[in-house]
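# Per-entry structural report
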Amino acid sequence: MVSKALSPDPLLKVTDLCVSYQTSPGGLFTKPGSFRAVKKASFSVQKGQTVGLVGESGSGKSTIGKAILKLIPSESGKIEYDGTDVTGLSESEFLPYRKRIQTIFQDPYASLNPRLTIGSIVSEPLIVHEPGIGRPAREARVAELLTKVGLPADAMRRYPHQFSGGQRQRICIARALSSRPEFIICDECVSALDVSVQAQIVNLLQDLQEEFGITYLFIAHDLAVVEHMSHEVVVMQNGEIVEQGTSETIYRNPQTDYARKLLDAVPTMPSIGSV
Ligand SMILES: Nc1ncnc2c1ncn2[C@@H]1O[C@H](COP(=O)(O)OP(=O)(O)OP(=O)(O)O)[C@@H](O)[C@H]1O
Ligand SMILES: [Mg+2]
């Protein structure tokens, strides 16, 4: 394993994180007991940068994302956010961090409620995190966010089914941005999209990083996307981090056969940067 010294003062620092799932006792396909999906994972993400988290299906990438968001409990290890150990915080103590840390998921179809207008969807985090905000200010904010992600402001009165996959992912990004987060976990957020649309969304995320200094943990199978997005790359296999380093090092000189295989499996994406 190639490890990289953790730089000082990262926005996110994960140390020796272990996460286990309880498996149902005696199920048809499951052994009774617990299954450790993440084993002693350590990595950090510097402010304003992107770390790509890659690995084959089932390697534990989403589990790490969920543990950071406290959607599932950590078994052991430490998660520090902006210098604070958040691992043991209660839900109410963690609430302020829910404003600062947002997430964008793979499936823009499943993650948008079909009965709500785009305006209601995008303003959801605003209502939770800025309850005092009045309707005119909220609408102005939604219009600004939609414009920012390349959609017309009047999209706010329409419904998710009236948009394409790429447009829906833009709506998810607008929703994630609405609480003015510092950190966004993008879990396979472009995997369901066509390659040309992937490139547009990746460019949009990079523009938003430049404009707002947003920090990303970018989870993907697609090493081509990660290469263009990421300052650093973390490679996972069977719940363990097997390689990590700068994007350039991993791509030019992968240290493990596994990382080499992940690289070989991926076609390059020449259109990125020019879309
Ligand atoms: N709720 C759960 N209960 C039990 N096991 C789970 C649960 N969620 C995930 N797992 C298992 O934990 C392991 C890691 O899953 P995880 O979803 O983190 O993988 P992943 O790297 O995100 O995969 P993919 O690329 O397919 O999304 C897998 O073996 C999976 O089957
Ligand atoms: Mg996953």
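These numbers come from a predicted model, not from an experiment.

Analysis parameters
Residues numbered from 1 in each chain as written. Chains lettered and ligands numbered in written order. Predicted model: local features only at pLDDT ≥ 70, side-chain atom pairs only at ≥ 80, totals over all residues. Heavy atoms only, no water. Near = heavy atom within 4 Å. Polar contact = N/O pair within 3.5 Å; in protein donor to acceptor, adjacent residues only side chain to side chain. Areas by Shrake-Rupley, 256 points an atom, 1.4 Å probe, with all protein chains shown as cover. Helix = DSSP H or I, 4+ residues; strand = E, 2+ residues; numbered from the N terminus. Nonpolar A, V, L, I, M, F, W, Y, C, P; charged D, E, K, R; others polar. Pairing = 2+ DSSP bridges. Axes fitted to C-alpha atoms, helices over the stretch in contact; angles between N-to-C directions. Contact = heavy atoms within 4.5 Å. pLDDT = per-residue confidence, 0-100.

Before going further, it helps to examine the site of ligand 1. The environment of ligand 1 is formed by 13 residues, the closest being Ser57, Gly58, Lys61, Ser62 and Thr63. One nitrogen or oxygen atom from the main chain of Gly58 is found 2.8 Å from an oxygen atom belonging to ligand 1. Lys61 places a side-chain nitrogen or oxygen 2.7 Å from an oxygen atom of ligand 1. The fraction of the free accessible surface of ligand 1 (640 Å²) that becomes covered by protein chains is 63%. Of all the secondary-structure elements, those providing two or more residues to the shell around ligand 1 are β2 (33–45) and α1 (61–68). Here the shell around ligand 1 is composed, by residue class, of three nonpolar, seven polar and three charged.

Moving on, we come to the sheet that holds strand β3 (residues 50–55). One open sheet accounts for six strands, arranged β6-β7-β8-β3-β9-β10; its pairing is mixed. Of all strands in the sheet, those bounded by a partner on one side alone are β6 (101–104) and β10 (240–246). Adjacent strand axes in the sheet meet at a mean angle of 15°, parallel and antiparallel pairs treated alike. Together, β3, β6, β7 (183–187) and β8 (215–220) form the strand contacts of helix α6 (residues 195–212), whose direction differs from that of β8 by roughly 160°.

Predicted confidence across the protein gives a mean pLDDT of 88, with 90% of residues reaching 70 or more. Between the elements of the protein, mean pLDDT differs from a low of 80, seen in helix α7 (residues 223–229), to a high of 97, seen in strand β4 (residues 76–81). Throughout residues 270–275 the model reports pLDDT below 50, and contacts reaching past four residues in sequence, or to other chains, amount to 10 contacts.

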